[in-house]
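# Examining the three-dimensional arrangement
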Amino acid sequence: MSTHITKNRILDFTISLKIQHRSPNTIISYTTNIQKLELFLNGEELSKEQMISYKQWLYSQGLKKNTINAYLAAANYFCDVMGWADMKVALDPANIDGIEQNKKQISSSDYKKLVFTALQNDKERLAMMIQVLCHMDLRFCELEKLTIEVLDTGIVEVDRGHRHKKIKIPDDIIEDLYTYALHEKIMSGIIFRTSKGSPVDRSNFRKDIKKLCVLAGVKEELGSIQHVKHVVLDEYPYYGLKKWK
């Protein structure tokens, strides 16, 4: 089977991004990045050697490392979707100094402020979502896989490209999700949902996090899904739903 980058394959790639609930901007960015790789190949098939050459060519253009990594991340994900995982190339760590790195991390005290402020303001769903995202290897778009039914098994199963992954739900989180669901009278289906039964929207979650930062006295710039996901778990204890216990 050929490994040419065709319009149909780019379309399949775009559909995969939509299924993963990626934002419109991300879909446009990733698709544009794959078109750049297509131009680089100039009609040739994609291979591991071509991916390495592409990486070297990007560096030769004088681009910043973060920009190069963005191009390569899109190319790697494209390979995952196409079933060509053996062609993927490693991303080089970005040069981030200590001050800039600290800006991108939530401190242990800020994390605690966010969780407890949410609980104190009757925002139990938000408190639980923050902690689940922090303590489980779940992407935001995969939260809809967290249902009443999977609590019985203790495992959330997700598909990422061509990979099928089983993610264990910590016992403490299972107990609190049952407590939350009982309080909200959720008997089946998605746990983190709106009053109409739809999964919580990513943009609404962002807005809620930023409002929570203001209430908690935490810098508003730290109110994002990325900040919640990129934490050191040893420094971020699980607080649960102590308010209801």
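The structure contained in this document is the topic of the report that follows.

Take the pattern of salt bridges next. If you walk through the whole model with that rule in mind, you get five salt bridges. Between lysine 55 and aspartate 92 there is a salt bridge whose closest N-O contact spans 3.3 Å. Here aspartate 92 lies in the loop between helix H4 (65-82) and helix H5 (98-103) and lysine 55 lies in helix H3 (residues 48-60), a separation of 37 residues in the sequence.

Once that is clear, we can look at helix H9 (residues 171-184). Given a rise of 1.5 Å per residue, 14 residues ought to cover 20 Å, and the 20 Å separating the end C-alpha atoms of H9 matches this to within 8%. Three or more residues of H9 are buried, namely Ile173, Ile174, Asp176, Leu177, Tyr180 and Ala181. Buried residues along H9 sit in contact with helix H7 (124-135) and helix H8 (148-153). Positive backbone phi, approximately 60°, marks lysine 185, located one or two places after H9.

Judged by nonpolar contacts, the single largest core of 45 residues is most densely connected at Ile130, Val132, Leu146, Ile169, Phe192 and Phe205. Secondary-structure elements contributing two or more residues to this core are helix H6 (108-120), H7, H8, strand E1 (155-160), H9 and helix H10 (202-216). Ranked by residue count, the leading element in this core is H7, at eight residues. Each residue touching leucine 146, except ones within four places of it in the same chain, is listed here: Val132, Val156, Ile169, Leu177, Gly189, Ile190, Ile191 and Phe192. Ile5, Leu46, Ile68 and Ala74 belong to the second-largest nonpolar core, a separate cluster that totals 26 residues.

Calculation rules
- Residues numbered from 1 in each chain as written.
- Predicted model: local features only at pLDDT ≥ 70, side-chain atom pairs only at ≥ 80, totals over all residues.
- Heavy atoms only, no water.
- Salt bridge = Lys/Arg side-chain N within 4 Å of Asp/Glu carboxyl O.
- Helix = DSSP H or I, 4+ residues; strand = E, 2+ residues; numbered from the N terminus.
- Expected span 1.5 Å × (residues − 1).
- Buried < 20%, exposed > 50% of the residue type's maximum accessible area, 1.4 Å probe, protein only.
- Contact = heavy atoms within 4.5 Å.
- Core = buried A, V, L, I, M, F, W, Y, C linked by side-chain atoms within 4.5 Å.

That is the geometry; function is a separate question.
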